[in-house]
Amino acid sequence: MRWLTAASIAHEVTVGLTSAEAVACEALAGADDYDAIQPQAWISRAARERVIAAARAVDARVAAGEHLPLAGVPFAVKDNLDVAEMETTAACPAFAYRARESATVVSRLIDAGAVLIGKTNLDQFATGLTGARTPYGALGCVFNRSFVSGGSSSGSAVVVAAGIVPIALGSDTAGSGRVPAAFNGLTGFKPTRGRWSTRGLVPACRTLDCVTTFTTSAEDAAIVDDVLAAFDEADPYSRRLPAAVRQIGEFVRIGVPRSDQLVFHGDAEAAALFQSTAECLRRVGGTIVEIDAAPLTESGRLLYEGPWVAERTAVLSELLQSSPDAIHPVVRAIVQAGRGLSAVDAFRGFYALQEHAREAEAMWRGIDALLLPTAPTIYRLSEVLAEPTVLNGRLGLYTNFVNLLDMSAIAVPAGFRENGTGFGVSLIGPAWADRGIIDLARRLESAQPIEQPPLDETPRVDTVKLAVVGAHLAGMPLHPQLTSRGARLIARTYTAPLYRLYAMRDQTPPKPALVHVGPGGGSIELEVYELELAAFGSFVAEVPPPLAIGTVVLADGASVRGFVAEPRAIKGAQDITSAGGWRAYLA
């Protein structure tokens, strides 16, 4: 089904060239096939019988003469959106609940004839732009899986880019529906806040959240908008569409940051592709106008450096109190910071944002749309796992401000790097300029067709995740036993609070013993590495007693292989649990 559009599928089902059931079977087969490459794209799949029954119901409606704009179109939803009778996890097993009814946007797609295939992976609680902050497995760009997929709507982007479905819903607070679109060669449309209902969406920042869509064309984004743009009385953040909206004509003034304000973090290919796209827009009637982008990027900093962090804390306050270790360590560090913010901080943030909003109003008097890189660069998955905060923050430079300043945006493919990863640009307009920027995206697509590279279908190598707590940590005496086997660091994290750590006696080099004691234990710092299966086997053969390789439960609830100890290991050993880890104890 790769690169069939929603428009073409709906047409063929409507005129009888195919059936919704046949299309659904093809999507299910495509999902099964891609599971051999990135099975972590899905958190849950709808039961096959449910999918086929839904498709047959669409065929019956079409046969009865009903016009369905999305007749038989398979779709997926990010797993922070409710689907009736399916679990919503927000990528946190401890948070999961069974939804009684579907989110408004899901129901409207189904009413329009779309057929749900399943629910997709995400950065936990939609907090991240990489796709790596999830206990269900980090995702990679479909064209080069060594690089991040982008997030937080990682799975939704991957299943569309892999050709399993032509439409997937995501969410966007800081760029979560645009950054993964850019990396995977997709169109990612983020409507004006409140244009699409957010009822049934697990909030990240409730006042800023938007449901978004991933498609392979601006035309499909327009079709989804036709279906979803409607007032929802049951959603307190839904907004009525104004009678008059800002139009973008044939000759458009396009704002581009001054050259000294364009940052690509050394990515020369991204810089060249951006300039090429600006020239393309000039050729199709655009006038490039240099703007001062400082107010935009300054307002974007408020999202994680201002009081809006407390909105994320509000959503997770109960879980933070009862089961903090169930939250991904990087996400937990972000949301815990909201506890230190006061009402005074909130008002200061509101005042600062209002000043930036006024500057943005003045900007719109001189331009009709903004052209920006969607993300300045892309990083390898290994880089992001080793440095999860700084690199993630860089990816949101050109997206963070959009929701705060109540703008509409569409991410459009602008080419591919030599390594196969996608680069995208964003066309941004003021609130309610949604259809204008979609039309401008159509013009860009026509003037600058982009050839997709092949999917990265490198056979998946069987690997094992291994947790180490002592002499095998990076920089420790036995670490070469890992590096010599090609082990790859994938996380620095902690155990669940179920363990005690002991400094064993008479060990050369010194080593600790990790012992599972259950509730009342401590959280112990560790590193998680990934090894190919054969390398893991040779490593285990070198582990001397009283140590052994067993199962270790991590802070986010996931289980991996790891160092444990036989009971004799703690005879005469010193309990060092209070230190929190081997490094801290040695220090």
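Residues numbered from 1 in each chain as written. Predicted model: local features only at pLDDT ≥ 70, side-chain atom pairs only at ≥ 80, totals over all residues. Heavy atoms only, no water.

**Thoughts on the overall build of the protein chain**
Helix and strand content of the protein chain: 19 helices and 23 strands. Taking 587 residues into account, the globule formula puts the C-alpha radius of gyration at 25 Å, and the protein chain, at 25 Å, falls close to it. Each principal axis of the C-alpha atoms in the protein chain carries an extent, and together these give about 80 × 55 × 45 Å. Evaluated residue by residue, the protein chain yields a buried proportion of 60% over its 587 residues. Taking as baseline every contact in the protein chain between residues at least 6 positions apart, the subset at least 24 positions apart corresponds to 76%. Accessible surface, the protein chain as shown: approximately 22,400 Å² in total, 52% of it carbon and sulfur. The averaged location of the 62 negative side-chain charges in the protein chain is 4 Å from the averaged location of its 51 positive side-chain charges. (Helix = DSSP H or I, 4+ residues; strand = E, 2+ residues; numbered from the N terminus. Rg over C-alpha atoms; globule rule 2.2 N^0.38 Å. Buried < 20%, exposed > 50% of the residue type's maximum accessible area, 1.4 Å probe, protein only. Contact = heavy atoms within 4.5 Å. Areas by Shrake-Rupley, 256 points an atom, 1.4 Å probe, with all protein chains shown as cover. Lys, Arg positive; Asp, Glu negative; His and termini not counted. Charge placed at Lys NZ, Arg CZ, Asp CG, Glu CD.)

**Overview of the layout of surface pockets**
Computed from the structure, the second largest pocket encloses a volume of approximately 460 Å³. Together, 21 residues line the second largest pocket, and Arg301, Tyr304, Glu305, Gly393 and Asn400 are the ones closest to its centre. Put simply, the parts of the chain that give the lining of the second largest pocket at least two residues each are helix 9 (294-305) and helix 14 (390-395). Tallied by class, residues from the lining of the second largest pocket come to nine nonpolar, eight polar and four charged. (1 Å grid on protein atoms, 1.4 Å probe; cavity = no way out; pocket = protein on both sides within 12 Å on 5 of 7 lines; lining within 4 Å. Points joined across faces, edges and corners; volume = space filled by probe spheres on them. Nonpolar A, V, L, I, M, F, W, Y, C, P; charged D, E, K, R; others polar.)

**Let's talk about the packing of helix 4 (residues 104-111) against helix 7 (residues 218-228)**
As a packed pair, helix 4 and helix 7 sit with axes 9 Å apart at the nearest point and diverge in direction by 105 degrees. Judged on the interaxial angle alone, helix 7 and helix 4 are roughly perpendicular. Mapping the contact onto sequence places Val105, Arg108 and Leu109 in helix 4 and Val224, Val227 and Leu228 in helix 7. (Axes fitted to C-alpha atoms, helices over the stretch in contact; angles between N-to-C directions. Parallel < 35°, antiparallel > 145°, perpendicular 65-115°, else oblique.)

**Observations concerning the side chain of Thr212**
Here Thr212 lies in strand 10 (residues 210-215). With a relative accessible area of 0%, Thr212 lands in the buried category. Aside from chain neighbours lying at most four places away, what touches Thr212 is Ala168, Leu169, Gly170, Ser171, Asp172, Gly177, Phe189, Lys190, Pro191 and Trp196.

**Brief notes about the nonpolar core**
Judged by nonpolar contacts, the single largest core of 122 residues is most densely connected at Leu70, Val105, Leu109, Leu169, Leu371, Met407 and Ile410. Residues contacting Leu371, with those up to four places away along its chain left out, are Ile254, Gly255, Val256, Pro257, Phe274, Thr277, Ala278, Leu281, Val425, Ser426 and Leu427. Among the nonpolar cores identified, the runner-up in size contains 55 residues, and Leu129, Ala182, Leu391 and Val469 belong to it. (Core = buried A, V, L, I, M, F, W, Y, C linked by side-chain atoms within 4.5 Å.)

**Some details on the sheet that holds strand 23 (residues 574-575)**
Spatial strand order, 19-18-23: three strands in an open sheet with antiparallel pairing. Only two strands of the sheet have a single partner each, and these edge strands are strand 19 (512-516) and strand 23. Across two bridges, the pairing between strand 18 (residues 499-503) and strand 23 is antiparallel. By the bridge assignment, Tyr502 is partnered in strand 23 with Asp575. (Pairing = 2+ DSSP bridges.)

**Considerations on the pairing of strand 10**
In summary, the side chains of a regular strand alternate between the two faces of the sheet. Burial analysis of strand 10 places six of its six residues in the buried class, the great majority of the element. Where strand 8 (residues 167-172) meets strand 10, five bridges bridge the pair, whose relative direction is antiparallel. When the sheet's bridge partners are listed, Ala168 is paired in strand 10 with Phe214. Where strand 9 (residues 187-190) meets strand 10, three bridges bridge the pair, whose relative direction is antiparallel.

**As for unusual backbone geometry**
If a residue is not glycine, its phi is most likely negative; likewise, a peptide bond is most likely trans. Between Gly151 and the following residue, Ser152, the backbone shows a cis peptide bond with an omega angle of 5 degrees. Relative to the elements of secondary structure, Ser152 occurs in the loop between strand 7 (144-148) and helix 5 (154-161). Residue Pro509 is reached from Thr508 by a cis peptide bond, and omega for that bond is -10 degrees. For Pro509, the position within the fold is in the loop between strand 18 and strand 19. A positive phi angle, close to 60 degrees, is found at Asp506, a residue other than glycine.

**Describing the environment of Ile254**
By the secondary structure assignment, Ile254 is in strand 11 (residues 252-257). When near neighbours in sequence (up to four residues on either side) are disregarded, Ile254 contacts Leu281, Gly286, Thr287, Ile288, Val289, Ile367, Ala369, Leu370 and Leu371.

**Considerations on the sheet that holds strand 5 (residues 115-120)**
Taken in spatial order, the eleven strands make up an open sheet running 1-5-2-8-10-9-14-15-13-11-12, and their pairing is mixed. Whereas interior strands pair on both sides, the edge strands pair on one side only; in this sheet they are strand 1 (42-45) and strand 12 (286-291). If you compare each strand with its neighbour and ignore which way they point, the axes differ by 25 degrees on average. Sheet topology places strand 11 next to strand 12; six bridges connect them, and they run parallel. Bridge pairing in strand 12 places Val256 opposite Glu290. The strands touched by helix 2 (residues 20-34) within the sheet are strand 1, strand 2 (74-78) and strand 5, with strand 1 carrying the most contacts at an inclination of about 140 degrees.

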